[in-house]
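Letter by letter, the chains look like this.
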Amino acid sequence: PRPALRALSELTERLLAAVAAEGSCEAFENAETAGLLSERYKDVLRELQLGESPHSFEKAQKLLDNLEYDGCHNLGALPAAARSALEAALPLCQALCDAQTA
């Protein structure tokens, strides 16, 4: 699980870096700013702790919630590099959450 959590963290960092570098292509849902979007992910990444804690899998669900929300509501507003990272992170995060509940 640790390599998968690390890969998920790296993809999320790529998403954040793209948003920081390029901003948004259009307005985010509910007038959210790029800074607030980034903070949502940074908070979850801090909690995820890269698999060092036995509760890391539990935090993957919070990350999945963010990825699904942005995939549904903000995908068009994300720069291409951020969309690519989100689209790669989403199935990995779904698989980790599915493994947790299995």
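Structure: above.
Everything quoted here is computed from the prediction, not taken from an experiment.

Enquirer: Any chance you could explain the overall build of the protein chain here in plain terms?
Expert: When helices and strands are counted, the protein chain shows 4 helices and 0 strands. Each helix and strand of the protein chain, placed in order from N terminus to C terminus, yields the pattern α-α-α-α. Summing over all exposed atoms, the protein chain offers an accessible surface of approximately 5400 Å²; the carbon and sulfur share of this is 54%.

Enquirer: What am I meant to see in the nonpolar core here?
Expert: Side chains of nonpolar character tend, in soluble globular proteins, to be buried together. Among the nonpolar cores identified, the biggest contains 26 residues, and L15, L37, Y41, L63, L67, L78 and C93 are the most heavily contacted of them. Looking at this core, the elements that each hand over two or more residues are α1 (2-22), α2 (34-48), α3 (56-73) and α4 (80-101).

Enquirer: Would you mind going over the pattern of salt bridges with me for this structure?
Expert: For side chains bearing opposite charge, pairing can occur when the charged atoms are close. On inspection of all chains with the given rule, the structure shows 3 salt bridges. Its salt-bridge partner being R40, residue E32 comes within 2.8 Å of it at the nearest N-O pair. Residue D70 pairs with R40 through a salt bridge whose shortest N-O separation is 2.8 Å. Here D70, found in helix α3, pairs with R40, found in helix α2; they are 30 residues apart in sequence, far enough to count as distant.

Enquirer: Explanation requested: α2 in the structure shown.
Expert: The α-helix winds at 3.6 residues per turn, so residues separated by three or four positions along the chain end up facing the same way. With 15 residues, α2 should cover 21 Å at 1.5 Å per step; its first-to-last C-alpha distance of 21 Å lies within 8% of that length. Those residues of α2 that fall on the buried side of the exposure criterion are L37, S38, Y41, V44, L45 and L48. All buried residues of α2 project into a common sector of 130° when viewed along the axis, lining one side.

Enquirer: Would you take a moment to explain the side chain of N74 for this structure?
Expert: Structurally, N74 can be placed in the loop between α3 and α4. Overall, N74 belongs to the buried group, its relative accessible area being 1%. Every residue in contact with N74, bar those within four places of it in the chain, is listed here: F28, E29, E32, L37, R40 and Y69.

Enquirer: Help me understand the side chain of N66 in this model?
Expert: You can see N66 is positioned in helix α3. Within the structure, N66 has its side chain in polar contact with the side chain of R40 (distance 3.0 Å). Sequence-distant contacts of N66, that is, excluding residues within four places in its chain, are made with R40, Y41 and V44.

Enquirer: Looking at this model, I keep getting lost on the packing of α1 against α2. Mind explaining?
Expert: For any two helices packed against each other, one specifies the crossing angle of their axes together with the interaxial distance. Remark: α1 packs on α2, axes separated minimally by 10 Å, with the N-to-C direction vectors making an angle of 160°. As summarised for this structure, α1 and α2 are arranged roughly antiparallel, according to the angle between their axes. Considering only the axes of α1 and α2, their crossing is left-handed. Contact residues: L5, S9, T12, E13, L15, L16 and V19 in α1; A34, L37, S38, Y41, K42, L45 and L48 in α2. Within the contact of α1 with α2, the residues separate by chemical class into 9 nonpolar, 3 polar and 2 charged.

What counts as what
- Residues numbered from 1 in each chain as written.
- Predicted model: local features only at pLDDT ≥ 70, side-chain atom pairs only at ≥ 80, totals over all residues.
- Heavy atoms only, no water.
- Helix = DSSP H or I, 4+ residues; strand = E, 2+ residues; numbered from the N terminus.
- Areas by Shrake-Rupley, 256 points an atom, 1.4 Å probe, with all protein chains shown as cover.
- Core = buried A, V, L, I, M, F, W, Y, C linked by side-chain atoms within 4.5 Å.
- Buried < 20%, exposed > 50% of the residue type's maximum accessible area, 1.4 Å probe, protein only.
- Salt bridge = Lys/Arg side-chain N within 4 Å of Asp/Glu carboxyl O.
- Expected span 1.5 Å × (residues − 1).
- Arc of directions from axis to C-beta.
- Contact = heavy atoms within 4.5 Å.
- Polar contact = N/O pair within 3.5 Å; in protein donor to acceptor, adjacent residues only side chain to side chain.
- Axes fitted to C-alpha atoms, helices over the stretch in contact; angles between N-to-C directions.
- Parallel < 35°, antiparallel > 145°, perpendicular 65-115°, else oblique.
- Left-handed = near helix turned anticlockwise from the far one by under 90°.
- Nonpolar A, V, L, I, M, F, W, Y, C, P; charged D, E, K, R; others polar.

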